[in-house]
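# Descriptive analysis of the structure
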Amino acid sequence: MTQLMRIRPFFPVILFATIVLFAGCDSGGTPGAGTLGDSTSVAFDESEALVGEDAGTYTVSLSVADAGFKEVPVSVSFNTDQSSVTRGDDISASSDTTIRFPRSATSGDERSFGIEVLDDDEFSEGTETAVFDLSIPDSVEAAVGAPSQFSLSIEDNDEAPPSFDLLADAQDLEPSSGNTDAHCLVQRSSGEVVFFNSSDGGIFSYDGGLNVERTATDLNSDIAAESNPIDRCDGVARDESDNVYFLLRSDESSSQNSHPTYVYKLASSGSASVLASEQGLKGIVHSGSTVYLTGVSFRGASGDGFYSVNDTDESQSVSTLATESALDLAYGMDIDSSGNLYAFSGGFASGDRTRKIVRLVNPSGSATIEEFADPYRDGSPLVGDSGDDIADVDVVSRDGAEFLVVYNGSFEANNGEQWASIQISDQSISLLFNRTQLVENSPAGGFVGGFTEPVAVNDNGEIFVASREAFFGGEYYIARVENVLP
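The text that follows walks through the structure, step by step, so that each part is easy to find. Each chain carries its own residue numbering, running from 1 in the direction its sequence is written. Per-residue local features of the predicted model are confined to residues with pLDDT of at least 70, and side-chain atom pairs are confined, for both listing and counting, to 80 or more; whole-chain, interface and lining totals are unaffected and use all residues. To obtain the side-chain values, all non-hydrogen atoms of the structure were used and water was disregarded.

## Overview of the sheet that holds strand E10 (residues 149-155)
- For two strands to pair, DSSP has to find at least two bridges joining them. Secondary structure is summarised from DSSP: a helix means a run of H or I of at least four residues, a strand means a run of E of at least two, and numbering begins at the N terminus for each. Ordered in space as E2-E10-E8-E4-E6, the five strands form an open sheet in which the pairing is mixed. The two strands at the open ends of the sheet, each matched to only one other strand, are strand E2 (48-52) and strand E6 (96-101). Strand-to-strand twist in this sheet, taken as the mean axis angle between neighbours without regard to direction, amounts to 20°.
- Note that strand E4 (residues 72-78) and E6 share six bridges and pair antiparallel. Bridge assignment links Pro73 to a residue of E6, and that residue is Arg100. Fitted lines through C-alpha atoms serve as axes, helices being fitted only where they are in contact, and the angles separating the N-to-C directions of these axes extend from 0 to 180 degrees.

Here it is, written out as structure tokens:
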């Protein structure tokens with residue numbers, strides 16, 4: 001009897017300990033009888049994600065809560081209606097996959113599946129989305145938690161294909177005089193392309209329609225010092241206020257060694273003015289409050305090199321920045337964000353300056369001329385000629401990098417004239433397109449480059465190209481080329 005009394009109190013202690021251990025086996029349960037597994041749920045770990053087209057396989061995770069010592073099958077289905085991707089083309093994923101959480105799962109356990117992102121490079125598609133939904137059979141004592149839907153957005157990494165079209169054809173460019181032409185192209189910030197018409201003698205712009213900026217009569221009245229009709233443009237530039245600057249002259253007043261040239265300012269508002277006149281000016285660009293110029297001694301300039309005037313005063317004398325007798329700067333110019341000037345030194349140069357792109361460093365201070373790049377070096381896609389070399393130079397900024405866009409007028413290239421970019425940081429050269437591509441991919445029937453600065457480029461990557469009619473072919477138009485810059 002005494003032994004029985006000593007043993008009995010021991011049993012309730014053992015029973016209590018067993019109950020505590022049982023209730024603590026699932027971290028998601030609420031202690032107490034009848035609650036374990038009553039609120040089992042499965043949800044995605046995240047509701048959305050963004051990846052690139054080159055991401056490979058993206059892993060999507062699901063988690064269970066209050067597992068409750070039971071098997072939970074979960075269906076992951078591809079939502080066709082809400083998805084913009086195409087399975088098999090954009091992603092590789094099953095239309096319906098069952099993922100099972102076993103009886104041994106505890107709250108917070110994860111299972112996952114993969115979505116393979118397929119990198120197609122055929123065309124630009126924009127950002128596309130793959131949407132997946134969760135569901136659990138009614139026979140299973142579990143619910144779908146939140147988030148119950150997962151969206152994978154896939155950013156397209158394909159560059160848009162090159163685009164060639166006509167901004168304006170010959171009919172669009174024909175003025176009331178019937179004399180069509182377009183060269184010395186520049187684009188205003190508002191979008192219209194401004195140009196000089198050497199056949200008509202006036203300045204026009206085009207933006208869905210032809211507009212007269214300055215008639216030939218008005219232009220010749222503005223440049224009263226010139227007695228003969230203005231019919232030649234040797235350069236064009238624009239400032240941030242959309243004032244446009246032209247280098248204009250009369251062919252009748254020009255001779256082999258004398259090109260009296262006028263720096264003409266077409267104000268965006270107010271009157272036009274002549275800032276300066278000088279022999280042999282051939283390139284022009286604006287920066288700050290300064291108009292930078294290049295001069296060619298063979299055409300009458302005091303030296304081969306770089307000059308300047310301010311952008312306000314009339315009838316100025318040009319200031320000399322730097323000259324060098326070896327140069328031949330008759331082929332356009334532009335300026336980078338650091339204030340350095342770029343110009344092509346052509347076939348009449350001498351020594352190391354022959355057919356090179358040169359750079360004027362620090363033009364507003366101690367100006368120094370240096371070689372920037374040899375566009376025809378070994379390995380370059382550009383093909384040189386006996387004289388028809390680079391005829392236009394434009395600086396453009398793209399995605400944090402700066403490039404020179406050059407027009408190479410060489411007839412020696414297999415597919416005709418070439419347009420290329422030269423990255424300023426490392427002088428790498430990329431061929432953008434050629435004459436054959438321009439003609440074959442646009443409504444244009446032929447191409448002959450405009451006489452002077454036949455190219456305009458903007459930071460959106462659009463390149464405008466002027467063609468003219470000649471006895472050996474071509475027709476008048478302004479083409480627009482997109483999606484070719486690096």
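## Focus: the sheet that holds strand E19 (residues 273-279)
- One open sheet holds the four strands; their spatial order is E16-E17-E18-E19, and the pairing between them is antiparallel. Of all strands in the sheet, those bounded by a partner on one side alone are strand E16 (232-238) and E19. Within the sheet, the average angular offset between the axes of one strand and its neighbour, ignoring direction, is 20°.
- As paired elements, strand E18 (residues 260-266) and E19 share six bridges and run antiparallel to each other. Pairing of Val263 across the sheet is with Ala276, part of E19.

## Quick word on the pairing of strand E25 (residues 341-345)
- Classification of residues uses two cut-offs on accessible area relative to the type maximum, computed with a 1.4 Å probe and protein chains only: under 20% is buried, over 50% is exposed, and between them is partly exposed. With five of five residues buried, E25 lies mostly within the body of the structure.
- Alternating positions in E25 separate into two faces, Leu341, Ala343 and Ser345 on one and Tyr342 and Phe344 on the other, with burial throughout.
- Summarising the sheet, strand E24 (residues 333-335) and E25 pair through three bridges and their orientation is antiparallel. Counterpart to Asp334 in the pairing with E25 is Tyr342.
- Where E24 folds back onto E25 in an antiparallel hairpin, the turn is made up of five residues, including Gly339, whose phi is positive at roughly 90°.
- Here five bridges tie E25 to strand E26 (residues 356-361), and the two strands are oriented antiparallel to one another. By the bridge assignment for E26, Tyr342 is matched with Arg359.

## Thoughts on the state of the cysteines
- Put simply, a disulfide is two cysteine sulfurs that come within 2.5 Å. In this structure the tally under the stated criterion is one disulfide.
- Covalently, Cys184 is tied to Cys233 through a disulfide, its sulfur atoms 2.1 Å apart. Across the S-S bond linking Cys184 and Cys233, the dihedral sits near -105°, which makes this disulfide left-handed. Note that Cys184 is positioned in strand E12 (residues 183-187) and Cys233 in strand E16, a separation of 49 residues in sequence. Judged on exposure class, the residue Cys184 and its partner Cys233 are both buried.

## Overview of the packing of aromatic side chains
- In this analysis, rings of Phe, Tyr and Trp, with Trp reduced to its six-membered ring, are considered paired at centre separations within 6.5 Å, and the interplanar angle assigns stacked below 30 degrees, edge-to-face beyond 60, and tilted for intermediate values. What the rule picks out here adds up to 13 aromatic pairs.
- Ring centres of Tyr58 and Phe150 lie 6.2 Å apart, and the angle between their planes is 10°; this geometry places the pair in the stacked category. With Tyr58 in strand E3 (residues 57-65) and Phe150 in strand E10, this pair connects stretches of sequence that are 92 residues apart.
- Judged by its relative accessible area of 0%, Phe150 falls in the buried class.
- To sit over a ring, a charge needs its Lys NZ or Arg CZ within 6 Å of the ring centre and within 35 degrees of the ring normal. One Lys or Arg, Arg355, reaches over the ring of Tyr376 and ends 5.6 Å from the middle of that ring.

## A look at the pattern of salt bridges
- We define a salt bridge as a side-chain nitrogen of Lys or Arg found within 4 Å of a carboxyl oxygen belonging to Asp or Glu. Applying the stated criterion across every chain yields a total of 14 salt bridges.
- For Glu71, the salt bridge is made with Arg100, and the minimal N-O distance between the two is 3.2 Å. With Glu71 in the loop between E3 and E4 and Arg100 in strand E6, the pair connects residues that are 29 residues apart, well separated along the chain.
- Relative accessible area serves as the criterion here: at 43%, Glu71 is assigned to the partly exposed category.
- According to the relative accessible area criterion, Arg100 is partly exposed, its value standing at 49%.
- Where Arg232 meets Asp251, a salt bridge forms, and the shortest distance between an N and an O atom there is 3.9 Å. Pair noted here: Arg232 is in strand E16 and Asp251 is in the loop between strand E17 (244-249) and E18, with a separation of 19 residues, a long-range link.
- A relative accessible area of 28% means that Arg232 is categorised as partly exposed.
- Residues joined in a network through salt bridges with shared partners are Arg188, Glu192 and Glu213.

## Re the layout of surface pockets
- In this analysis, the protein atoms alone were mapped onto a 1 Å grid. Cavities are point sets where a 1.4 Å probe fits without being able to get out; pockets are open sets with protein on both sides within 12 Å along at least five of seven lines; lining residues have an atom within 4 Å of a point. Grid points are joined across faces, edges and corners, and a volume is the space filled by probe spheres set on the points. As a volume, the largest pocket reaches approximately 1,100 Å³.
- Around the largest pocket, the lining is made up of 41 residues, and of these Ala330, Tyr331, Asp388, Ala391 and Phe451 lie nearest the centre.
- Here the element with the most residues in the lining of the largest pocket is E16; it accounts for three residues.
- The residue inventory of the lining of the largest pocket, partitioned by class, reads 15 nonpolar, 13 polar and 13 charged.
- In this structure, the second largest pocket is lined by 34 residues; those nearest its centre are Arg238, His286, Asp334, Val395 and Val457.
- Those elements that place two or more of their residues in the lining of the second largest pocket are E12, E16, strand E20 (281-287), E24, strand E28 (390-398) and strand E32 (455-457).
- Here the lining of the second largest pocket takes five residues from E28, the largest share from any one element. Under the scheme applied here, ten amino acids are nonpolar (Ala, Val, Leu, Ile, Met, Phe, Trp, Tyr, Cys and Pro), four are charged (Asp, Glu, Lys and Arg), and all others, including Gly, are polar.

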